[in-house]
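What follows is each chain in one-letter form.
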Amino acid sequence: MKVELADYAGACYGVERALSLTSEAASEHDKVHTLGPLIHNPQVVSELAERGICEVQRVEQAKEGVLVIRSHGVAPQVIDEARQNKLKVVDATCPYVKKAQKAATELRRQGYNVVIVGEKGHPEVEAIDAHAGSQSLVVQDPADLPEELPAGPVGIVVQTTQNVTHLDDIIEALRKRGVEPLVRNTICFATTQRQESAELLAHKVDAMVVVGGRNSGNTTRLAEICELVCANTHHIERPEELDPAWFSEVQKVGVTAGASTPQEQISAVVNALQQL
Ligand code: SF4
């Protein structure tokens, strides 16, 4: 069976940067905490825990030392609270996430009601929402739009890892209701590259394997994109999950991986597929 890797797959700039800032902090300080899992990849998070880099869910759980803000970012008040609690803050918010936060702030200041196209409850979306003002709405599908929109102009910002079709669907639904939104497309280049190359590859193979945390939204969306083109698509975290039965009639399998999947995990899956 031939195995082909997507042109763009795996850990992105923002994730690499967050990991390197955290390692740097751990080499200089004894107590390093991350606010939530540093990345949505359980294997990497356990490796960090083995090195003494522990996860806290709330600022007050870190009693001293360093608090790392992950690439998803946080509400500005969270950073203020950490500094008031005398913690050293290492802000690993991805610059592309900061761009989305800034776009939300600007739209709010210009008087727009901000619509965030993104996954409700996702930490990045909650952080963007904290910049977007009290009239903001988080929607992923047109069905999430309320029957009555707040009065006034609508500005859109987008979760950096969203699928562009979700954005297009929301724009179309708003236009049908006579609203012409001002769109700030803040989907990041790494997401676009990974989604486009995954889709391209899925057209050329008989099966697709998508590697990454099940809790990773961007990996899940890659799997959804591949599944639309190639029904024999499987989202896995580790090579042990590969089932030979999936590949019984497969000549060529494609591999892609989410933005929070390190290279070693991708290589392990590619090697395991080559052994089948
Ligand atoms: S997916 Fe994009 S926005 Fe998110 S961390 Fe990676 S580079 Fe940054």
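Residues numbered from 1 in each chain as written. Predicted model: local features only at pLDDT ≥ 70, side-chain atom pairs only at ≥ 80, totals over all residues. Heavy atoms only, no water.

Undergrad: Provide a residue-level description of empty space enclosed by the protein, including the pertinent values.
TA: Take a probe with the size of a water molecule and roll it over the atoms, and the empty space left behind shows itself. In total, this model carries two cavities of 30 Å³ or more according to the counting rule given. The volume enclosed by the largest cavity comes to roughly 300 Å³. Lining the largest cavity are 25 residues, and of these Cys12, Val15, Ser71, Thr161 and Ala259 sit closest to its centre. Elements with a minimum of two residues in the lining of the largest cavity: helix H1 (13-28), helix H4 (95-109), helix H7 (189-204) and helix H8 (217-229). For the lining of the largest cavity, the element with the highest residue contribution is H7, accounting for four residues. Of the residues contributing to the lining of the largest cavity, the split by class is 11 nonpolar, 12 polar and two charged. In this structure, the second largest cavity occupies an estimated 40 Å³ of space. What lines the second largest cavity is Thr191, Arg194, Gln195, Asn218, Leu222 and Ala259. When residues of the lining of the second largest cavity are traced back to their parent elements, those giving at least two are H7 and H8. (1 Å grid on protein atoms, 1.4 Å probe; cavity = no way out; pocket = protein on both sides within 12 Å on 5 of 7 lines; lining within 4 Å. Points joined across faces, edges and corners; volume = space filled by probe spheres on them. Helix = DSSP H or I, 4+ residues; strand = E, 2+ residues; numbered from the N terminus. Nonpolar A, V, L, I, M, F, W, Y, C, P; charged D, E, K, R; others polar.)

Undergrad: Let's hear about H8: which residues, and what values?
TA: With 13 residues, H8 should reach 18 Å at 1.5 Å per residue; the first-to-last C-alpha distance of 19 Å fits that figure. Taken residue by residue, H8 has Gly217, Asn218, Thr219, Arg221, Leu222, Ala223, Ile225 and Cys226 as its buried positions. In the core, the buried residues of H8 are packed alongside H7, strand S10 (207-211), strand S11 (233-236) and strand S12 (252-257). (Expected span 1.5 Å × (residues − 1). Buried < 20%, exposed > 50% of the residue type's maximum accessible area, 1.4 Å probe, protein only. Contact = heavy atoms within 4.5 Å.)

Undergrad: So, the packing of H7 against H8: which residues are in play, and what are the values?
TA: Relative to each other, H7 and H8 sit at 30 degrees, their axes nearing to 9 Å. One finds that H7 runs roughly parallel with respect to H8. Helix-helix and strand crossings are classified by hand; for H7 and H8 the assignment is right-handed. Across the interface between the two elements, Arg194, Gln195, Ala198, Glu199, Ala202 and His203 from H7 touch Leu222, Ile225, Cys226 and Val229 from H8. Across the contact of H7 with H8, the residue classes tally to six nonpolar, two polar and two charged. (Axes fitted to C-alpha atoms, helices over the stretch in contact; angles between N-to-C directions. Parallel < 35°, antiparallel > 145°, perpendicular 65-115°, else oblique. Left-handed = near helix turned anticlockwise from the far one by under 90°.)

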